[in-house]
Amino acid sequence: MATHTTRMLIIGSGPAGLSAAIYGARAGMKPIVVQGLQPGGQLTITTDVENYPGFRDVIQGPWLMQEMEAQAVHVGTRMLWDTIVSVDLDGPSRGEPFRAIGDGGDIYEGETLVIATGAQAKWLGVPGEMELSGKGVSACATCDGFFYRGKKVVVIGGGNTAVEEALYLTNHSNDVTLVHRRDSLRAEKILQDRLFAHPNVKVVWNKRVERFVGDHATGELRGVAVIDTVSGEESEIGTDGAFVAIGHAPATALFAGKLDTDESGYLVVEPGTPKTRIPGVFACGDVMDHTYRQAVTAAGTGCMAALDAERYLQEKEFAEAQKEAAE
Ligand code: FAD
Ligand code: NAP
């Protein structure tokens, strides 16, 4: 078991963590990024990215994240493949650094801590979902869509993710049904226009998924049992694959009881900054952003976290030097 020390410890390797790393490294902070279970973050499970500034042509999410990582490493970031299982944020009050423990027991010590743990897919929490996960139920069309070539699929949700997943699945299936619990989508208009215009996509409105139904003989998904939210009528939509695309929850379990969270579980920061209530601990990206949740905003707040971390250390060291001079 090793101990890794740095002036800036970053937990998470999505756009927020890697942008913080690029700025931190360029400021001489020799950052360490602990990558977690999803190196590169959420954009690694999508395909086309059309709204990240700087690219006129469509780029691929995994490619963008590889480039960000390469840039971070190029300017002096150490990327470490580990997952943090606990954190101690009280170190500085004892004259020690912030400390995090990896799942193999490695210790990470940072004079500042940048939290960029992002968000993870939400599940519906209805019967059959976990039992049929991997047997027809999935939360990632770009990962599993290939298995449904020529088969029937449904996507559940009404936001950007659901619409993108449905459109992506048309690459494999010519029978895609989007099931939404209301009568209008939350997704951006441009995506809605594409969805409604697609000949192989059907939208089923006002239907709440009650359970996933397995086939007794095969043990695989057979259909999705739904209830009409207006009439109360129950029915089953037969399908080979069901993709749950109802959004993501912030990954904040590590900080429970240590940092403030809002009613949806997002880390609370001082408005307009990435500062948490503990000096020296900064939060950036989807883990603190209830509203925008975009790669570019995650990158922007990652930059802010690194700049504020650098200022925090400068001020701390200046104050310590003043104190020493006075003694
Ligand atoms: P994330 O990308 O979620 O990264 C979190 C990181 O934290 C991961 O590396 C993970 O491994 C790490 N981590 C978590 N817990 C731990 C731990 N305990 N220890 C160590 N590491 C940990 N946005 C756009 O702007 N354009 C798009 O086209 C677009 N398409 C999208 C498509 C899909 C399917 C999805 C799901 C999202 C899409 N988004 C898009 C949103 C965008 O991906 C997110 O806003 C962005 O990735 C958030 O970046 P982040 O760095 O905050 O967190
Ligand atoms: P989202 O915007 O929060 O949408 C979640 C959708 O799932 C909503 O339509 C919601 O229904 C539905 N839903 C939630 N819980 C449900 C439940 N229990 N049962 C049935 N339906 C449920 O999440 P998202 O689509 O993942 O997007 C997250 C963020 O990432 C957004 O900011 C989005 O803009 C961004 N993103 C951007 C892109 C892009 O720019 N191309 C792509 C993907 C994601 P209601 O509408 O009824 O609430």
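The text that follows walks through the structure, step by step, so that each part is easy to find. These numbers were taken from a predicted model, which means no experiment stands behind them.

1. Topic: the packing of aromatic side chains
For step 1, the next point in the chain: Per the counting criterion, the structure on display carries six aromatic pairs.
For step 2, the next point in the chain: For the pair F55 and W63, a centre-to-centre distance of 5.7 Å together with 85 degrees between the ring planes defines the contact as edge-to-face.
For step 3, the next point in the chain: With a relative accessible area of 35%, W63 lands in the partly exposed category.
For step 4, the next point in the chain: A centroid spacing of 5.6 Å and a plane angle of 85 degrees characterise the contact between Y148 and F243, whose relative ring orientation is edge-to-face. Taken together, the residues span a long stretch of sequence, with Y148 in the loop between helix 3 (141–144) and strand 11 (152–156) and F243 in strand 17 (residues 241–244) at a distance of 95 residues.
For step 5, the next point in the chain: For F243, a relative accessible area of 0% gives the class buried.

2. With respect to the site of ligand 1
For step 1, the next point in the chain: Close to ligand 1 lie 31 residues, the nearest being Q35, Q38, Q42, D286 and A295.
For step 2, the next point in the chain: Interatomic distance of 2.9 Å between a backbone N/O atom of A16 and an oxygen atom of ligand 1.
For step 3, the next point in the chain: In the environment of ligand 1, a nitrogen atom lies 2.9 Å from a nitrogen or oxygen atom belonging to the backbone of I84.
For step 4, the next point in the chain: Bound to the protein, ligand 1 loses 93% of the 1000 Å² it would expose on its own.

3. Section: the site of ligand 2
For step 1, the next point in the chain: In the region of ligand 2, 19 residues are neighbours, and N51, T161, E164, R182 and R186 sit closest.
For step 2, the next point in the chain: In the model, an oxygen atom of ligand 2 is placed 2.6 Å from a nitrogen or oxygen of the R186 side chain.
For step 3, the next point in the chain: Looking at side-chain class alone, the shell around ligand 2 contains three nonpolar, ten polar and six charged residues.
For step 4, the next point in the chain: Residue assignment places the shell around ligand 2 across two domains, with domain 1 (3–120 + 248–326) and domain 2 (123–244) each supplying three or more.

4. Remarks on the pairing of strand 1 (residues 3–11)
For step 1, the next point in the chain: Alignment of strand 1 against strand 8 (residues 107–115), held across eight bridges, turns out to be parallel. Paired with T3 across the two strands is I107, which belongs to strand 8.
For step 2, the next point in the chain: Where strand 1 meets strand 2 (residues 32–34), three bridges bridge the pair, whose relative direction is parallel. The partner of I10 across the bridge, within strand 2, is V33.
For step 3, the next point in the chain: At this point the chain moves from strand 1, through helix 1 (residues 15–26), to the parallel strand 2, and the crossover so formed is right-handed.

5. Quick word on the sheet that holds strand 11
For step 1, the next point in the chain: Read across the sheet, five strands follow the order 10-17-11-12-13 without closing on themselves; strand pairing throughout is parallel. Each edge of the sheet is formed by a strand with only one pairing partner; in this case those strands are strand 10 (137–138) and strand 13 (201–204).
For step 2, the next point in the chain: Across the sheet, helix 4 (residues 160–169) is in contact with strand 11, strand 12 (175–179) and strand 17; its angle to strand 11 comes to roughly 170 degrees.

6. Side note on the pattern of salt bridges
For step 1, the next point in the chain: Inspection of every chain in the model, using the stated rule, returns 14 salt bridges.
For step 2, the next point in the chain: Put simply, R94 and D88 hold a salt bridge, and the shortest N to O gap is 2.7 Å.
For step 3, the next point in the chain: Judged by its relative accessible area of 43%, R94 is partly exposed.
For step 4, the next point in the chain: Judged by relative accessible area, D88 falls into the partly exposed class, the value being 23%.
For step 5, the next point in the chain: For D228, the salt bridge is made with K207, and the minimal N-O distance between the two is 2.7 Å. Of this pair, D228 sits in strand 15 (residues 221–228) while K207 sits in strand 14 (residues 207–214), and the two are 21 residues apart along the sequence.
For step 6, the next point in the chain: Residue classification places D228 among the buried residues on the basis of a relative accessible area of 14%.
For step 7, the next point in the chain: Through salt bridges that share partners, D88, R94, E96, R99 and E109 make up one connected network.

The rules behind these values
- Sequence order as written defines the numbering, with residues in each chain counted from 1.
- To label them, take the chains in the order written and letter them from A, then take the ligands in the order written and number them from 1.
- The predicted origin of the model limits local features to residues at a pLDDT of at least 70 and limits the giving and counting of side-chain atom pairs to 80 or more, whereas totals for whole chains, interfaces and linings rest on all residues.
- Where side-chain values are given, they derive from all heavy atoms of the structure, hydrogens and water being excluded.
- Ring geometry is summarised as follows: Phe, Tyr and Trp rings, the Trp one being its six-membered ring, pair when their centres sit within 6.5 Å, and such pairs are stacked at plane angles under 30 degrees, edge-to-face over 60 and tilted between the two.
- A simple rule labels every residue: compare its accessible area, found with a 1.4 Å probe on the protein chains alone, to the largest value its type can have, and call it buried under 20%, exposed over 50%, or partly exposed in between.
- Helix and strand assignments follow DSSP, with helices taken as H or I runs no shorter than four residues and strands as E runs no shorter than two, numbered in order from the N terminus.
- We call a residue near a molecule or strand whenever a single non-hydrogen atom of that residue lies within 4 Å of it.
- Any pair of N or O atoms that falls within 3.5 Å is considered a polar contact. Within protein, one atom must be able to donate a hydrogen and the other to accept it, and sequence-neighbouring residues count only if both atoms are side-chain atoms.
- Where accessible areas are quoted, they stem from the Shrake-Rupley method and a 1.4 Å probe; at the residue level, only the protein chains shown are allowed to cover.
- Throughout this entry, Asp, Glu, Lys and Arg are counted as charged residues, while Ala, Val, Leu, Ile, Met, Phe, Trp, Tyr, Cys and Pro are counted as nonpolar. The remaining residues, Gly among them, count as polar.
- Note that the domain bounds were set by an automatic or database domain assignment.
- Only strands joined by at least two bridges in the DSSP assignment are considered to pair.
- Handedness rule for crossovers: strands pointing away from the viewer, path from the first strand over the helix to the second running clockwise, crossover right-handed.
- By definition in these notes, contact holds between two residues if any of their heavy atoms fall within 4.5 Å.
- Lines fitted to C-alpha atoms define the axes here, with helix axes fitted over just the stretch in contact, and angles between the N-to-C directions of these axes take values from 0 to 180 degrees.
- Any Lys or Arg side-chain nitrogen found within 4 Å of a carboxyl oxygen on Asp or Glu counts as a salt bridge.

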